[in-house]
Amino acid sequence: MSQKTRRKEALEGIKVNRKLEENIKRMNEALGVGKSFDVICRRWIYGGKEMALYFIEGFVKDEVLNILAINLAKMKPSDLEPDPLDQLFYTYIGYLELYREREISRCVKQVLSGPLVLFIDGEEEALVMDARTYPARGPEEPDIEKVVRGPRDGYTETIVHNTALTRRRVRDPSLRMEHMTVGRRSKTDLVIAYIEDLSDPDLVQEVKRRIQSIQIDGLPMAEKTLEEFLFQKNWNPFPMVRYTERPDVAAVHLLEGHVLIFVDTSPSVMITPTTLFHHLQHAEEYRQKPVVGAYLRWVRFLAILVSVFLLPIWFYFAMHPSLLPESLRFLDVNKKGDVPLFWQLFVAEIGVDILRMASIHVPSPMSSALGLVSAIILGQIGVSTGLFVPEVIFYVAVAVIGNFATPSYELSLANRLVRLTLLFATYLLGPFGLLGGILFWFFLLLFSKSITLPYLWPMIPFHRWAFKDIMLRSPVPVNRRRPSILSPDEPDRAGE
């Protein structure tokens with residue numbers, strides 16, 4: 001442990017001193033005042049009392065600072081009698097989010113989080129004023145969760161904005177937003193959201209326990225780092241938590257009994273626990289008539305199945321065309337080409353990922369043109385030179401489109417790994433490899449759990465009503481049951 005770390009931990013438990021100079025010395029050393037340009041210590045004498053105000057430049061509203069200084073400047077020594085702290089707290093600092101703090105370490109944490117901290121000579125408590133304002137963008141529709149009809153607001157990187165967008169849709173007095181902090185150095189703010197008289201208390205406590213057990217200096221990747229600590233299934237490619245940037249989607253899951261986790265600096269909210277089928281649904285299905293929503297859902301299911309199984313199955317029959325019935329002879333490859341078929345498929349798959357990554361790293365106005373032009377030119381040249389046969393380009397394109405139709409980006413990446421695994425297994429072991437690969441991934445899903453929730457529920461274990469709702473997209477007035485697997489305290493949506 002470094003000397004600086006020991007000094008930080010030495011502040012734990014130290015109370016605010018009556019001597020202002022002692023407090024200033026400890027705060028300046030802990031915060032690096034004079035070394036960091038944005039950490040400000042402003043010393044004042046108002047009403048005959050010495051004061052020291054600490055804040056971070058850029059985190060505080062200038063108008064609040066100006067009003068505070070003007071109000072304090074009007075005070076006379078008699079105005080602070082008999083108790084200066086009470087007079088400031090109840091009379092002269094007219095700010096709503098004002099509270100007291102007794103420990104130096106907590107004062108340091110508050111300054112670094114954004115609020116102002118005011119020390120007064122002769123007092124054993126500091127005043128904390130939450131007047132912070134973070135640099136933030138406005139709520140915009142998420143790029144990966146767009147709908148034809150529906151609200152265009154989305155979560156941002158500011159946690160307070162995100163909780164407000166959620167409360168706007170769920171005005172239940174039982175909605176709880178509990179604040180937590182993770183990271184010894186980063187002090188990242190988290191909020192756990194749930195409806196108290198609806199969510200399973202054991203589930204809420206388990207989520208809290210897992211978060212409190214995290215020992216790390218910071219969350220550099222925000223929600224993704226948190227996910228790795230919460231679930232610790234890092235070699236399982238399937239997502240154990242659903243991310244959303246839409247407040248309406250988050251509100252729906254709250255009303256079902258799920259627990260949400262907001263992480264400051266991230267526009268994605270974590271929904272937990274989730275199953276595989278949570279990642280197959282999209283808000284667009286509920287923005288259309290039930291029959292249209294059911295049709296869209298089935299088309300999406302078909303596209304996802306095609307993205308996973310089309311290439312391995314076609315590759316197997318292309319390598320064994322004699323197994324094809326006469327009616328399916330068109331699936332055979334007219335000309336095998338100079339490169340083995342497996343390596344054509346493998347190179348095409350890797351090429352698609354390269355194009356995807358390249359489009360991410362170029363400016364937005366150029367990304368669409370890059371993907372389109374590259375796919376056309378490279379595909380045409382590949383066929384012309386004999387590197388690819390036309391069938392490979394076609395079937396890879398169909399599989400990729402199925403990937404793009406997957407609502408969850410994390411699930412689409414997992415499905416891509418499943419497809420590549422099945423291709424390799426089929427190439428090495430033929431039909432036994434294809435069947436063995438499918439069974440391997442199936443049993444991986446079967447024995448996976450998101451906290452306590454079986455990943456394949458309601459298919460395994462089977463639940464008739466829940467499975468019907470997934471397959472058919474029931475009308476909302478008919479779908480009155482909350483997911484029983486979440487053990488909600490109020491199973492019926494009508495409250496009966």
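In what follows, the accompanying structure is described. Computed from a prediction, not measured in an experiment: that's the story for all the values here.

What counts, and at which threshold
Residues numbered from 1 in each chain as written. Predicted model: local features only at pLDDT ≥ 70, side-chain atom pairs only at ≥ 80, totals over all residues. Heavy atoms only, no water. Helix = DSSP H or I, 4+ residues; strand = E, 2+ residues; numbered from the N terminus. Rg over C-alpha atoms; globule rule 2.2 N^0.38 Å. Buried < 20%, exposed > 50% of the residue type's maximum accessible area, 1.4 Å probe, protein only. Contact = heavy atoms within 4.5 Å. Areas by Shrake-Rupley, 256 points an atom, 1.4 Å probe, with all protein chains shown as cover. Lys, Arg positive; Asp, Glu negative; His and termini not counted. Charge placed at Lys NZ, Arg CZ, Asp CG, Glu CD. Salt bridge = Lys/Arg side-chain N within 4 Å of Asp/Glu carboxyl O. Core = buried A, V, L, I, M, F, W, Y, C linked by side-chain atoms within 4.5 Å. Polar contact = N/O pair within 3.5 Å; in protein donor to acceptor, adjacent residues only side chain to side chain. Pairing = 2+ DSSP bridges. Axes fitted to C-alpha atoms, helices over the stretch in contact; angles between N-to-C directions. Parallel < 35°, antiparallel > 145°, perpendicular 65-115°, else oblique. Left-handed = near helix turned anticlockwise from the far one by under 90°. Nonpolar A, V, L, I, M, F, W, Y, C, P; charged D, E, K, R; others polar. Phe/Tyr/Trp six-rings, centres within 6.5 Å; stacked < 30°, edge-to-face > 60°. Arc of directions from axis to C-beta.

1. Comments concerning the overall build of the protein
Within the protein one finds 16 helices and 12 strands. In terms of overall dimensions, the protein is more spread out than a globule: its C-alpha atoms have a radius of gyration of 29 Å, far above the 23 Å expected for 496 residues. Its C-alpha atoms give the protein principal-axis dimensions of roughly 100 × 60 × 45 Å. Per-residue burial for the protein yields a buried fraction of 46% across its 496 residues. Taking all contacts inside the protein whose residues are at least 6 apart in sequence as the whole, residues at least 24 apart take part in 64%. Here the protein displays about 26000 Å² of accessible surface, and carbon together with sulfur accounts for 60% of that area. Averaging the locations of the 58 positively and 58 negatively charged side chains of the protein gives two centres separated by 2 Å.

2. Let's talk about the environment of arginine 416
Summarising the element assignment, arginine 416 is placed in helix α14 (residues 409–429). Residues arginine 416 and leucine 80, 336 residues apart in the sequence, show an inter-C-alpha distance of 69 Å.

3. As for the pattern of salt bridges
If you walk through the whole model with that rule in mind, you get 26 salt bridges. Between arginine 100 and aspartate 86 there is a salt bridge, and its shortest N-O distance comes to 2.4 Å. Here arginine 100 is found in strand β3 (residues 98–101), whereas its partner aspartate 86 is found in helix α4 (residues 84–92), with 14 residues between them in sequence. A residue is classified by how much of its surface remains accessible, and aspartate 86, at 26% relative accessible area, is partly exposed.

4. Some remarks on the nonpolar core
Counting residues in each nonpolar core, the largest one holds 41 residues, and the members touching the most others are Leu190, Val207, Ile211, Leu226, Leu230, Phe238 and Ile261. Setting aside chain neighbours within four positions, we find leucine 190 in contact with Ile159, Glu178, His179, Met180, Val182, Ile211, Leu219, Leu226, Phe262 and Val263. Core analysis: the next-biggest nonpolar cluster, separate from the first, contains 23 residues, Leu53, Leu65, Ile120 and Met129 among them.

5. Re the side chain of serine 199
With respect to the helices and strands, serine 199 occurs in the loop between β7 (188–195) and α7 (201–212). From its side chain, serine 199 meets the backbone oxygen of glycine 257 in a polar contact 3.3 Å long. When sequence neighbours within four positions are dropped, the list of residues in contact with serine 199 reads Tyr194, Val204, Gly257, His258 and Asp489.

6. Focus: the pairing of strand β9 (residues 259–263)
Of all 5 residues that make up β9, 5 are buried, and the element is covered over most of its length. Burial of β9 is two-sided: the residues Val259, Ile261 and Val263 facing one way and the residues Leu260 and Phe262 facing the other way are all buried. Across 4 bridges, β7 lies against β9 in antiparallel orientation. Its bridge partner lying in β9, isoleucine 192 is registered against isoleucine 261. Two strands pair when backbone bridges link them, and β9 and strand β10 (residues 269–272) are joined in this way by 3 bridges, in the antiparallel orientation. The partner of valine 259 across the bridge, within β10, is threonine 272.

7. Concerning the packing of helix α10 (residues 290–319) against helix α11 (residues 341–360)
Interaxial distance between α10 and α11 falls to 10 Å at its minimum, and their mutual angle equals 160 degrees. Here α10 lies roughly antiparallel to α11, going by the angle between them. In terms of crossing hand, the pair formed by α10 and α11 is right-handed. Across the interface between the two elements, Leu311, Trp314, Phe315, Ala318 and Met319 from α10 touch Leu341, Phe342, Leu345 and Glu349 from α11. Among the residues making up the contact of α10 with α11, the classes are represented as 8 nonpolar, no polar and 1 charged.

8. Examining the packing of aromatic side chains
Applying the stated criterion to the full structure yields 22 aromatic pairs. Members of the aromatic cluster, connected to one another through ring pairs, are Phe315, Phe342, Trp343, Phe346, Phe424 and Tyr427.

9. Regarding helix α6 (residues 159–169)
Helical periodicity: at 3.6 residues per turn, an α-helix aligns residues three or four positions apart in one direction. Of all the residues in α6, the buried ones are Ile159, Asn162, Thr163, Leu165 and Thr166. For α6, the angular spread of buried residues about the axis comes to 155 degrees, placing them on one side. In α6, the exposed positions angled more than 90 degrees off the buried face are occupied by Val160 and Arg168. In the core, the buried residues of α6 are packed alongside β6 (175–182), β7, α9 (247–256) and β9.

10. Considerations on the sheet that holds strand β1 (residues 39–46)
Pairing is antiparallel across the open sheet formed by 5 strands, whose spatial order is β1-β2-β4-β5-β3. In this open sheet, the two strands that pair with only one neighbour each are β1 and β3. Each adjacent strand pair in this sheet contributes to an overall mean axis angle of 25 degrees, direction not counted. Bridge count between strand β4 (residues 116–120) and strand β5 (residues 126–129): 3 bridges; the pairing is antiparallel. Counterpart to valine 117 in the pairing with β5 is valine 128.

11. Topic: the sheet that holds strand β8 (residues 242–244)
If you trace the 5 strands from one edge of the open sheet to the other, you get β6-β7-β9-β10-β8, paired in antiparallel fashion. Looking along the sheet, the strands with just one partner apiece sit at the ends: β6 and β8. The mean inter-strand angle of the sheet, taken between neighbouring strand axes irrespective of direction, is 25 degrees. Sheet topology note: the β6/β7 ladder contains 8 bridges and is antiparallel. Looking across to β7, one finds that histidine 179 is bridged to valine 191. Across the sheet, α7 is in contact with β6, β7, β9 and β10; its angle to β7 comes to roughly 170 degrees.

12. Some points on the environment of isoleucine 393
Looking at the element boundaries, isoleucine 393 is found in helix α13 (residues 390–404). Judged by its relative accessible area of 30%, isoleucine 393 falls in the partly exposed class. Taking the C-alpha atoms as reference, isoleucine 393 lies 6.8 Å from glycine 379; in sequence the two are 14 residues apart.

13. Things to note about the side chain of aspartate 130
Tracing the sequence through the fold places aspartate 130 in the loop between β5 and α6. A polar contact of 2.8 Å, which involves the side chain of aspartate 130, links it to the side chain of arginine 132. Residues contacting aspartate 130, with those up to four places away along its chain left out, are Tyr95, Glu97 and Pro115.

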